[in-house]
Amino acid sequence: MSSSIRLRKVNKIFKRFDVNGDERLSRQEMANLIFAVNPRVKFSEEQIKAILDEVSRTYPDFIDGEKGLRLDGLLRTYDDGAGDLDRDFDTLGMDLRSDSGSEEEPEKEKKKKKYQKRKDEEEEVPEKEEEMPLLLGTS
Ligand SMILES: [Ca+2]
């Protein structure tokens, strides 16, 4: 994926969770993001606090005091593999195409998204694999 698409995705996620629009993700806003991209995980307060502390410790250069994490900081956490940007973007039900209305590159993105989705489904729904031997047996 090109870095510009990555940036657009991170930017979109960032904007959604920067509720007060101060261009920083506060601890509360970051916590909301963590909850939202891990819908199946039940975090305790201590766990969230530990994650946020870890971010503060690891990315002090990207954090403006109480205001919180800047956009480039969030991008950095994804670049460092702290989260899976594509998966998070999907989990949040986001779509780049509806954003900019650009018709120039939807084909490529669509393909990628479709592939991503299929991959996820295969991981979560093993029943799919049972169709394969069935099909093979009829031929
Ligand atoms: Ca904010």
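Everything below is about the structure printed above this text.
Just so we're clear, the structure is a prediction, and the values are computed from it rather than from any experiment. (Residues numbered from 1 in each chain as written. Predicted model: local features only at pLDDT ≥ 70, side-chain atom pairs only at ≥ 80, totals over all residues.)

> Is there a simple way to explain the nonpolar core in this structure?
The nonpolar side chains of a soluble globular protein tend to be buried with one another. Among the nonpolar cores identified, the biggest contains 14 residues, and Val10, Phe14, Leu25, Leu69 and Leu74 are the most heavily contacted of them. For this core, the secondary structure elements donating two or more residues are helix H1 (3–17), helix H2 (27–37), helix H4 (71–79) and helix H5 (85–91). Ranked by the residues each element gives to this core, the list is headed by H1, at 4 residues. In this structure, Leu74 is in contact with Val10, Phe14, Leu25 and Leu69, ignoring residues within four places of it in sequence. (Core = buried A, V, L, I, M, F, W, Y, C linked by C-beta atoms within 7 Å. Buried ≥ 20, exposed ≤ 12 C-beta atoms within 10 Å, placed from the backbone. Helix = DSSP H or I, 4+ residues; strand = E, 2+ residues; numbered from the N terminus. Contact = placed C-beta atoms within 7 Å.)

> Help me understand the environment of Ala82 in this model?
The residue Ala82 is located in the loop between H4 and H5 in this model. For the pair Ala82 and Val55, spaced 27 residues apart in sequence, the C-alpha separation works out to 9.4 Å.

> In this structure, what is going on with unusual backbone geometry? I would like to understand it.
Residues apart from glycine generally show negative phi values, whereas peptide bonds are mostly found in trans. Located in the positive-phi region is Glu23, a residue other than glycine, with phi close to 65°. As for its position among the elements, Glu23 is in the loop between H1 and strand S1 (24–25).

> Looking at this structure, how should I read the packing of H1 against H4?
A pair of packed helices can be characterised by two numbers: the angle between their axes and the separation between those axes. At a minimum axis separation of 10 Å, H1 and H4 run at an interaxial angle of 120°. As the angle between them shows, H1 and H4 are arranged oblique. Regarding H1 and H4, the two cross each other, and that crossing is right-handed. On H4, the residues that touch Leu7, Val10, Asn11 and Phe14 of H1 are Leu71, Leu74, Leu75 and Tyr78. Grouping the amino acids of the contact of H1 with H4 by side-chain chemistry returns 7 nonpolar, 1 polar and no charged. (Axes fitted to C-alpha atoms, helices over the stretch in contact; angles between N-to-C directions. Parallel < 35°, antiparallel > 145°, perpendicular 65-115°, else oblique. Left-handed = near helix turned anticlockwise from the far one by under 90°. Nonpolar A, V, L, I, M, F, W, Y, C, P; charged D, E, K, R; others polar.)

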